[in-house]
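# Coordinate analysis (summary)
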Amino acid sequence: AECVSGCVCPEGLFDDGKGGCVEESECPCIHNNQWYSPGQKITVDCNTCTCQKGVWSCTEDVCFGTCMIYGSGHYITFDGKYYDFDGSCEYVATQDFCGDKKSSGSFSIITENVPCGTTGVTCSKAIKIFLGKTELKLENKDYKEIQRDVGDDVRYWNRTVGLYLVIEASNGVMLIWDKKTSVFIKLSPNYKSKVCGLCGNFDDKSNNDFTLRNGLQETNALKFGNSWKQSSMCPDVTQEVKPCDMKPHRKSWAEKECSIIRSEVFKICHSKVDPTPFYEACVHDACSCDSGGDCECFCSAVAAYAQECTKAQACVFWRTPDIC
């Protein structure tokens, strides 16, 4: 499937992957199972890649990292690790107060998770952001500011973009909140390897994201999540919640609704962002939200996939008068 000289084409020409023979300069490139002609450009994160003689040539800008917390306990770390954690407490989502006790930091973001439904899953109800001596609390579709006596002055701005409230701070921290259960945290590259919490350590390696508060590595998501709770009074989470097993009568409805993620509607995105974890998260959420808010849980789950598609340059118009 790649450009190599072989016995298929005459001497000096290369197989173009479509049954033709071309000069080396005309070789196509492949990305996510799609073919691109020489000179075509794609965007990967914040970099632009150009197809040249069958090979991608990319700019090497350092990009912002994004961590996503959405629906009933779904997390995608800065380094792209997917996991689920349903704890009912306040947890450190991310902060730069890591390492020894004396380490100084400039920010901390706390998520307050509460049960959403009767199956035991939890959703993020409120977010607290500590920026120097300013504390912001986001809940009930609004935010309020509290000034504390300790800390530096960190300036911040807020604006509304579509459905989202965006808080952007002068220290390179940005938070995007859908005023419900989804939050996206963006950090500038100078925080690489300097943060800790449920969002991982932002060092471009996903295999060490489960670092406990004491700095040790863990493989179990529950033990990892429990170590980042803010209060020792909260109970530890001991088992993974499987709402569709507890509410089997909701399962077929959930699978039918969530099938939009795997459908033609999102076809242009499938090769760019794997729909499987988002589909599974959607079914999980649609089963679990059984005390009102069914549609909100379903819509947030689909919106999370749509958001990742947009980041991968696949803009999908999926909302209709009937759907969300």
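Residues numbered from 1 in each chain as written. Predicted model: local features only at pLDDT ≥ 70, side-chain atom pairs only at ≥ 80, totals over all residues. Heavy atoms only, no water.

The name given to the chain in an unreviewed UniProt entry is MUC2 protein, with the source organism recorded as Hemiprocne comata.

### Remarks on the overall build of the chain
Stated precisely, the cut-off is as follows: Starting at the N terminus, helices and strands are each numbered in turn, a helix being any DSSP run of H or I of at least four residues and a strand any DSSP run of E of at least two. Categorising residues by exposure relies on relative accessible area from a 1.4 Å probe, with only protein chains included: less than 20% of the type maximum marks a residue as buried, more than 50% marks it as exposed, and the intermediate range marks it as partly exposed. Residue contacts follow a heavy-atom distance rule, with two residues in contact if any of their heavy atoms lie within 4.5 Å. A 1.4 Å probe and the Shrake-Rupley method give the accessible areas. Residues count as covered only by the protein chains that appear here. Charged-residue counts in this description rest on Lys and Arg as positive and Asp and Glu as negative, His and the chain ends being excluded. One atom stands in for each charge, and that atom is NZ of Lys, CZ of Arg, CG of Asp or CD of Glu.
Secondary structure assignment for the chain yields six helices and 19 strands. Projected onto its principal axes, the C-alpha coordinates of the chain cover approximately 75 × 50 × 40 Å. Within the chain, the fraction of its 324 residues that count as buried is 48%. Partitioning the contacts of the chain with sequence separation of at least 6, the portion at a separation of at least 24 is 47%. Of the roughly 16600 Å² that the chain leaves accessible, carbon and sulfur atoms contribute 50%. Considering the chain, the positive charge centre built from 34 side chains and the negative charge centre built from 44 side chains are found 5 Å apart.

### Overview of the nonpolar core
Formally: The term nonpolar core refers to a set of buried residues drawn from Ala, Val, Leu, Ile, Met, Phe, Trp, Tyr and Cys, joined through side-chain atoms within 4.5 Å.
Ranked by size, the top nonpolar core spans 44 residues in total, and within it Ile109, Ile129, Leu175, Ile185 and Leu187 carry the most contacts. Leave out the neighbours within four places in its chain, and Leu187 touches Phe64, Gly65, Phe78, Thr94, Phe107, Gly172, Val173, Val195 and Phe202. If you look at the next biggest cluster of nonpolar residues, it comprises 36 residues, including Val166, Ala281, Val283 and Ala312.

### Here we look at the domain arrangement of the chain
We count it as follows: Domain start and end points were adopted from an automatic or database domain assignment.
Segmentation of the chain into domains returns domain 1 (14-58), domain 2 (65-227) and domain 3 (243-312). Here domain 1 and domain 3 have C-alpha centroids that lie 33 Å from each other.

### A look at the state of the cysteines
Definition in use: Two cysteine sulfur atoms form a disulfide, by the criterion used here, when they sit within 2.5 Å.
Across all of its chains, the model carries 13 disulfides by this definition. Across the disulfide from Cys29 sits Cys51; the S-S distance is 2.1 Å. Of note, the bridge from Cys29 to Cys51 carries an S-S torsion of about 90° and is right-handed in sense. Within this pair, whereas Cys29 is found in strand S3 (residues 29-31), its partner Cys51 is found in strand S6 (residues 47-52), the two being separated by 22 residues in sequence. According to the relative accessible area criterion, Cys29 is buried, its value standing at 1%. Note that Cys98 is cross-linked by a disulfide to Cys196, the S-S spacing being 2.0 Å. Disulfide Cys98-Cys196: the torsion about the S-S bond is -100°, which places it as left-handed. Residue Cys98 is found in the loop between strand S11 (90-95) and strand S12 (107-115), and its partner Cys196 is found in the loop between strand S19 (183-187) and helix H1 (221-227); the two are separated by 98 residues along the sequence. We classify Cys196 as buried; its relative accessible area is 12%. Counting only cysteine sulfurs, Cys299 is the nearest neighbor of Cys295, a cysteine outside any disulfide, at a range of 5.9 Å.

### Concerning the side chain of Asp96
So the rule is basically this: The rule for a salt bridge is simple: a side-chain nitrogen of Lys or Arg has to be within 4 Å of a carboxyl oxygen of Asp or Glu. Side-chain atoms alone can form a polar contact between residues adjacent in sequence; in general such a contact is a pair of N or O atoms within 3.5 Å, and within protein one must be able to donate a hydrogen while the other accepts it.
Residue position: Asp96 is located in the loop between S11 and S12. Buried charge Asp96 goes without a salt bridge, the closest partner of opposite sign being Lys194 at 8.4 Å. Here the side chain of Asp96 touches Phe107 through a polar contact of 3.0 Å, landing on its backbone nitrogen. Excluding its chain neighbours within four sequence positions, the residues that come into contact with Asp96 are Ser104, Gly105, Ser106, Phe107, Tyr191, Lys194 and Val195.

### Looking at unusual backbone geometry
Even without a glycine there, the phi angle at Asp204 is positive, about 70°. The exposure class assigned to Asp204 is exposed, which follows from its relative accessible area of 55%. A positive phi is found at Cys324, a non-glycine position, where the angle reads about 55°. With respect to the helices and strands, the residue Cys324 is situated in the segment after helix H6 (294-311).

### Quick word on the pattern of salt bridges
Counting across every chain of the model gives 13 salt bridges. In this structure, the salt-bridge partner of Glu139 is Lys125, at a minimum N-O distance of 3.1 Å. Of the two residues, Glu139 sits in strand S14 (residues 134-139) while Lys125 sits in strand S13 (residues 122-131), which places them 14 residues apart along the sequence. Take Lys125: its relative accessible area is 37%, and that puts it in the partly exposed class. For Asp236, the salt bridge is made with Lys229, and the minimal N-O distance between the two is 2.6 Å. Judged by its relative accessible area of 45%, Asp236 is partly exposed. Since its relative accessible area comes to 15%, Lys229 is described here as buried.

### Looking at the packing of helix H3 (residues 248-258) against helix H5 (residues 276-288)
This is how the line gets drawn: What counts as an axis is a line fitted to C-alpha atoms, over the stretch in contact for a helix, and the angles between N-to-C directions run from 0 to 180 degrees. Any angle that falls under 35 degrees is termed roughly parallel, while one over 145 is termed roughly antiparallel, one within 65 to 115 roughly perpendicular, and all others oblique. Crossings are classed by handedness, with left-handed meaning an anticlockwise turn of the near helix from the far one by less than a right angle and right-handed meaning a clockwise turn. We call Asp, Glu, Lys and Arg charged. Ala, Val, Leu, Ile, Met, Phe, Trp, Tyr, Cys and Pro are nonpolar, and the rest, Gly among them, are polar.
Viewed as axis vectors pointing N to C, H3 and H5 meet at an angle of 135°, and their least axial separation amounts to 8 Å. On the basis of the axis angle, H3 is oblique to H5. Crossing handedness for the pair H3 and H5: right-handed. Contacts from Arg250, Lys251, Trp253, Ala254, Glu255 and Cys258 in H3 reach Tyr279, Cys282, Val283, Ala286 and Cys287 in H5. For the contact of H3 with H5, the residue count by class is eight nonpolar, no polar and three charged.

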